[in-house]
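Notes for the structure review
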Amino acid sequence: NGSSFYVHALADREKLSSLEERMRAWAAKVGVKGGAPVDIKRGPLLAALFDDGSGLTWFRARVLEYSADKTSVKVVYVDYGNTATLSKAQLRPLDAALTATPPLARPCELAFAQAPGLDADWGVEAAEHFHGLAWGRTLAMSVYSKGDSQQVVLEYEQAGVAGDEKSGEPAEEP
């Protein structure tokens, strides 16, 4: 949505690159034609299919919720933060070696700013605007204070324009 998002720490770039390489090798070994029997429950990491633009491949995921008959499963891709609702046939267990690395997408939430939910008026527009500001960019973040466990107050700088997320006004020059 417009106030919750996931980030990668620059310090994790090598870990992410290594993990992606190991996941590609594992996917080449097991194939992507379909899933394998997997225990559907919240918590453990598993593999979930996703089309990243170059075709279907396996990514690490965690179950968020599932239908009563466990045929429909909502997952979060733990190294990127996106979600999808999949069938059980699009899931499979992961090798233990691929579960050793902790999730690399770090959940964040803008502090003192709340966008409407996706199902509320302007919710989709708020999320799309935030996406347009941040997606695919390397952003610097300075943590000035912490609210709840994942909230931060941040000042951002983009294309030479500084701004303060709390007020939306341009930041004053020092």
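Here is a short report on the structure shown in this document. Since this is a predicted model, take the numbers as computed values, not measurements.

Some points on the pairing of strand β3 (residues 56-66)
Across seven bridges, the pairing between strand β2 (residues 45-51) and β3 is antiparallel. Paired with A47 across the bridge in β3 is R60. The loop that links β2 with its antiparallel partner β3 comprises four residues; one of these, G53, has a positive phi angle of about 100°. Examined bridge by bridge, β3 and strand β4 (residues 72-77) share five bridges and lie antiparallel to one another. Across the sheet, residue E65 finds its bridge partner in β4, namely K74.

So, the nonpolar core
Counting 14 residues, the largest nonpolar core has L19, M23, W26, A47, W58, L94 and L98 as the members making the most contacts within it. Those elements giving two or more residues to this core turn out to be α1 (13-30) and β2. Counting residues per element, this core draws most heavily on α1, at five residues. Ignoring sequence-local partners within four residues, the contact set of W26 consists of A47, W58, R92, P93, L94, D95 and L98. Core analysis: the second largest hydrophobic core is formed by 13 residues, V38, I40, V63 and L86 among them.

Examining the packing of aromatic side chains
Evaluated as defined, the whole model comprises six aromatic pairs. Centroid distance F5 to F130: 5.1 Å. Interplanar angle 50°. Geometry classified as tilted. With a gap of 125 residues between them, F5 in strand β1 (residues 4-7) and F130 in helix α3 (residues 123-134) connect regions that are remote in the sequence. Neither F5 nor F130 differs from the other in exposure class; each is buried.

Section: the side chain of R60
Position of R60 relative to the elements: it lies in strand β3. Within the structure, R60 has its side chain in polar contact with the side chain of D79 (distance 2.7 Å). Separated by 2.9 Å, the side chain of R60 and the backbone oxygen of L98 make a polar contact.

Cut-offs used in this document
- Residues numbered from 1 in each chain as written.
- Predicted model: local features only at pLDDT ≥ 70, side-chain atom pairs only at ≥ 80, totals over all residues.
- Heavy atoms only, no water.
- Pairing = 2+ DSSP bridges.
- Helix = DSSP H or I, 4+ residues; strand = E, 2+ residues; numbered from the N terminus.
- Core = buried A, V, L, I, M, F, W, Y, C linked by side-chain atoms within 4.5 Å.
- Buried < 20%, exposed > 50% of the residue type's maximum accessible area, 1.4 Å probe, protein only.
- Contact = heavy atoms within 4.5 Å.
- Phe/Tyr/Trp six-rings, centres within 6.5 Å; stacked < 30°, edge-to-face > 60°.
- Polar contact = N/O pair within 3.5 Å; in protein donor to acceptor, adjacent residues only side chain to side chain.

Note that every value here comes from positions in space, so none of it alone points to a role or purpose.
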